Amino acid sequence: MHGLFRWSSKWWPGTLPLVVFWIIAASTSTAPLEADLAARSTAALKDTVLDKTRITVAGRDVTVAADAFSEDGRRSAVAVVEAVPGVRMVNDETHLVPEARPFVWSAERDIVRVTLSGSSPLPASKGRLIEAAHATLGGVEVIDQMNLSRGAPPRFDNAASLLLDQIAKLRDGKVTISDTKVSLSGMARDLGGREAIAAALKNLPEGFSLAANEIQAPPYIFQAYKDPVAVTVTLTGYVPDNNVHAAIATAAARKFFNEKVVDNLKASVGAPSGFASVVVPALGALSRLSTGTLVVSDREVKLSGDALYDAAAVQIRSSLAKDFPQGWQLKDDISVKPAAAPVDATVCQQLFSDLLAKGKIRFVSGRATIDPDSAGLLDRLIETALRCPTADVEVAGHTDATGEDSFNQALSEKRAEAVVDYLVKAGLPANRFMAVGYGSTRPVATNDTDDGKAQNRRIDFVVKE
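A brief structural summary. (Residues numbered from 1 in each chain as written. Predicted model: local features only at pLDDT ≥ 70, side-chain atom pairs only at ≥ 80, totals over all residues. Heavy atoms only, no water.)

### Some words on the nonpolar core
Item 1. Counting 63 residues, the largest nonpolar core has F222, L283, L294, I361, V419 and F461 as the members making the most contacts within it.
Item 2. For this core, the leading source of residues is helix α7 (residues 275-287), giving seven residues.
Item 3. The residues touching F461, leaving out its near neighbours within four places in the chain, are Q349, F352, L356, I361, L381, V393, E394, V395, V419 and L423.
Item 4. Core analysis: the second largest hydrophobic core is formed by 30 residues, F103, V140, L163 and L184 among them. (Core = buried A, V, L, I, M, F, W, Y, C linked by side-chain atoms within 4.5 Å. Buried < 20%, exposed > 50% of the residue type's maximum accessible area, 1.4 Å probe, protein only. Helix = DSSP H or I, 4+ residues; strand = E, 2+ residues; numbered from the N terminus. Contact = heavy atoms within 4.5 Å.)

The following block contains the structure:
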């Protein structure tokens, strides 16, 4: 025993430096080892589907904390870290993200922003949806309020991307996916937008179906503005097609004898039933105003402006709405233009002549029925007659030389009488006007051309002093 003590007394002092060296080595080598294991474990996880991944290393033991999106994903993540050389043990602190039942995702748009909310199945899906929203909506602000959840139906990304394309066509509204049911609501940005969205929804991914499509079309608006200063009538807004466009433009050119028609109309789907049959007479009513605005919005007609005399205002209000198809409404704000200053007979004659040089009183072919397109011109003639209340006026009817003289004579007389009747019904004294027919005896142009014949078919106003 004494010998063993003497032997150990020779070697144990030498172990002290070894212990010191071991402590120093352990303290200086653990940190690099742990950093290396953390880096290699993180690299090993780069192809796994995880969220909020955190790697911590103590010696050669690795702790993995993350949100996983499937049980297989959890096991796979742990397995790849266990396979990293140098790892002794893996502490699994992964957990599954919550499952959403039902799985709901939505995108809601107002004027300045789009908000993405609800559930997204994967971080990559969430990123793609945000990127797609920015790309589709341009400069519109995109707000992300999406959560990551399990339970998405197959082909969710495709369905959500298609709906983001549709929300770009909305002025405001919302698109929603609830499991495999798709719902939309809101107002389309442009005419035709509702129809374009409906067509796109026919391409929903397999397994998805449309639960509700409550997209509304924006108001179908047609406008006409009569500007007495610029002497123009400006048409803006929409018409159903090129044929209706041409018909309205032609009608405007006939009704507005004195104004230049500025046509800025565009063809678009979505016109209410009876559109043309309302717009054409409404333009006729506008032609009777000295200044005014016509706005047709869906099935509502708003007409405002100044009539040229009291009876005209009453006629416009009473006659326009009764021409409308069922379901249309008229809102009018028609006042009466202040009476112009009186003029003498000479000025009165010049005013009549100027008006009839710019437009003609038209009749149904071969008859004495006044064409409604002439209402605006007749109102101008009545306004002038009111300015010279003491002057007597001959209303002279003329025809071209086509046909028998007796027929032309009778037709010219009947047409002159029809005009006088119109003036009297407007409130002018019958004893101031005399209807005279001259047939084809007083031509102002040749009867050898269609243009010459058209000039000869006319009504003249002659002031008698």
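### Details of unusual backbone geometry
Item 1. Residue P102 follows R101 across a cis peptide bond; omega there is 0°.
Item 2. You can see P102 is positioned in the loop between β4 (95-96) and β5 (104-109).
Item 3. The backbone of R155 sits at a positive phi, close to 65°, despite the residue not being glycine.
Item 4. Take R155: it is sitting in the loop between β7 (141-148) and α4 (156-167).
Item 5. The partly exposed category is assigned to R155, whose relative accessible area is 40%.
Item 6. You will see that D179, though not glycine, has its phi angle at about 55°, which is positive.
Item 7. For D179, the position within the fold is in the loop between β8 (170-178) and β9 (181-188).

### Some remarks on the packing of aromatic side chains
Item 1. According to the stated counting rule, one finds six aromatic pairs in the structure shown.
Item 2. Ring centres of F103 and F156 lie 5.3 Å apart, and the angle between their planes is 80°; on these two criteria the pair is classed as edge-to-face. Placement of the pair is F103 in the loop between β4 and β5 and F156 in helix α4, with a sequence separation of 53 residues.
Item 3. For F103, a relative accessible area of 0% gives the class buried.
Item 4. Ring geometry for W105 against F156: centres 6.2 Å apart, planes inclined by 85°, an arrangement best described as edge-to-face. Of this pair, W105 sits in strand β5 while F156 is found in helix α4, placing the two residues 51 residues apart along the sequence. The pair formed by W105 and F156 is uniform in burial state, with each residue classed as buried. (Phe/Tyr/Trp six-rings, centres within 6.5 Å; stacked < 30°, edge-to-face > 60°.)

### Looking at the pairing of β8
Item 1. The pairing of β5 with β8 spans six bridges and is antiparallel. Bridging across to β8, V104 finds its partner in S178.
Item 2. As judged from the eight bridges shared by β8 and β9, these two strands associate in the antiparallel manner. Counterpart to D172 in the pairing with β9 is M187. (Pairing = 2+ DSSP bridges.)

### Considerations on the state of the cysteines
Item 1. Summed over the entire model, instances satisfying the criterion amount to one disulfide.
Item 2. What pairs with C348 in a disulfide is C388, and their sulfur atoms sit 2.0 Å apart. Of the two residues, C348 sits in helix α9 (residues 345-358) while C388 sits in the loop between α10 (375-387) and β17 (392-398), which places them 40 residues apart along the sequence. Summarising the burial analysis for this pair, C348 and C388 share the class buried. (Disulfide = S-S within 2.5 Å.)

### Focus on the pattern of salt bridges
Side-chain pairs of opposite charge can arise where the charged atoms are in close proximity.
Item 1. This structure, assessed with the given rule, holds 28 salt bridges.
Item 2. For E71, the salt bridge goes to R74, with nearest N and O atoms at 3.9 Å. Separated by three residues within a single helix, E71 and R74 lie in helix α2 (residues 71-82), roughly one turn from each other.
Item 3. Judged by relative accessible area, which is 36%, E71 ranks as partly exposed.
Item 4. For R101, the salt bridge goes to D179, with nearest N and O atoms at 4.0 Å. With R101 in the loop between β4 and β5 and D179 in the loop between β8 and β9, this residue pair connects regions lying 78 residues apart in the sequence.
Item 5. Of the residues examined, R101 reaches a relative accessible area of 58% and is grouped as exposed.
Item 6. It is possible to trace a salt-bridge network through shared partners that takes in E71, D72, R74, R75 and D92. (Salt bridge = Lys/Arg side-chain N within 4 Å of Asp/Glu carboxyl O.)

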